[in-house]
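Observations on chain architecture
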Amino acid sequence: MAELFFCPTSSRSRPQHHHEEKPPILANITIAEPLSLANMDPLESMSMGPARVPKDFNAEDAGNMEDMEKQFAVKTVQHMQTYWAILEKVKGSSLRLTKMDDDIYNHLKEAFPEFDPAATVDEDEMKSKAGKERWRKFMMAYEKKIDDYNFGTMVRNSPKAEYEEDTVIFVPRMQFYALEIARNRHGLNDWIYEQAQAEKAKSK
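How each quantity is defined
Residues numbered from 1 in each chain as written. Predicted model: local features only at pLDDT ≥ 70, side-chain atom pairs only at ≥ 80, totals over all residues. Heavy atoms only, no water. Buried < 20%, exposed > 50% of the residue type's maximum accessible area, 1.4 Å probe, protein only. Helix = DSSP H or I, 4+ residues; strand = E, 2+ residues; numbered from the N terminus. Arc of directions from axis to C-beta. Contact = heavy atoms within 4.5 Å. Expected span 1.5 Å × (residues − 1). Pairing = 2+ DSSP bridges. Core = buried A, V, L, I, M, F, W, Y, C linked by side-chain atoms within 4.5 Å. Salt bridge = Lys/Arg side-chain N within 4 Å of Asp/Glu carboxyl O.

Concerning helix 2 (residues 101-111)
Residues Asp101, Ile104, Tyr105 and Leu108 constitute the buried set of helix 2. The arc that holds the buried residues of helix 2, viewed along the axis, is 100 degrees, so those residues lie on one side. Taken together, the buried residues of helix 2 touch helix 4 (129-140) and helix 5 (173-185).

Quick notes on helix 5
Here helix 5 spans 18 Å end to end across 13 residues, near enough to the 18 Å set by a 1.5 Å rise per residue. Within helix 5, twelve of the 13 residues are buried, which leaves the element mostly enclosed by the surrounding structure. Where helix 5 ends, the next residue or the one after it, glycine 187, has phi of about 70 degrees, a positive value.

Some thoughts on the pairing of strand 4 (residues 168-172)
The buried fraction of strand 4 is high, at five of five residues. Sheet analysis places strand 3 (residues 152-156) next to strand 4, joined by five bridges and oriented antiparallel. Paired with threonine 153 across the bridge in strand 4 is valine 171.

Description of the nonpolar core
One finds Ile104, Trp135, Phe138, Ile146, Tyr163, Met174 and Phe176 to be the most contacted residues of the largest nonpolar core, which totals 39 residues. Elements with a contribution of two residues or more to this core: helix 1 (68-89), helix 2, helix 4, strand 3, strand 4 and helix 5.

Comments concerning the pattern of salt bridges
Following the criterion strictly, the structure yields seven salt bridges and no others. Across the pair arginine 96 and aspartate 102 runs a salt bridge, and its minimum N-O distance is 3.8 Å. The exposure class of arginine 96 is buried, given its relative accessible area of 11%. Exposure remark for aspartate 102: the relative accessible area of 38% places this residue in the partly exposed category. The residue arginine 136 makes a salt bridge to glutamate 133 at a minimum N-O spacing of 2.7 Å. A residue pair is termed a helical-turn pair when its members lie 3 or 4 positions apart in one helix, as arginine 136 and glutamate 133 do in helix 4 at three residues. Residue glutamate 133 is classed as partly exposed on the basis of its relative accessible area, which comes to 47%. One network of salt bridges, in which partners are shared, links Arg96, Asp102 and Arg185.

Regarding unusual backbone geometry
Outside of glycine, negative phi angles account for most residues, and trans bonds account for most peptide bonds. Look at aspartate 148: it is not a glycine, yet its phi comes out positive at around 55 degrees. Locating aspartate 148 in the fold gives a position in the loop between helix 4 and strand 3. Assessed through its relative accessible area of 46%, aspartate 148 is described here as partly exposed.

That is the geometry; function is a separate question.
Shown next, in the form of structure tokens:
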């Protein structure tokens, strides 16, 4: 299994490209208000009003922005781009996102025995009062163990989907890890690697 721990702010986890190919991530993706997300209750952001990534937003060209909202948007989009680029280079089933993947996966199965990693996430259920309480209890176990465990992050609502406006859910980082670790364990993200490699072969 590839020991490629996913640290989106670190260049060590970024695949090296001779030329950048933009993943299917894009404009008009809704995110929650950034100023309230960095150091708050990890699930409180779910009930907050939306803000939008500008239509012409480009994380690579954003530069040294002073505006906090734009800086947050940069990190959010870079996180998506980095993860997608990794999945195109390495099969998800051979990828480790954290040093605690085994513990997180086992905890997820224990806390959410009904969870099906292949199914489309029911956002309404996840963000209901009962759903938020269950996820809050799950995530707080990693408050001192996982860096940026409550930082706002985009996750796809289905392992079959790409990152698009109608397929992403804004969640705390710990929820992203839990869902994606489970999907990778079941080989549900391997199609991204296979698709990228097939396209690469065609271009030769």
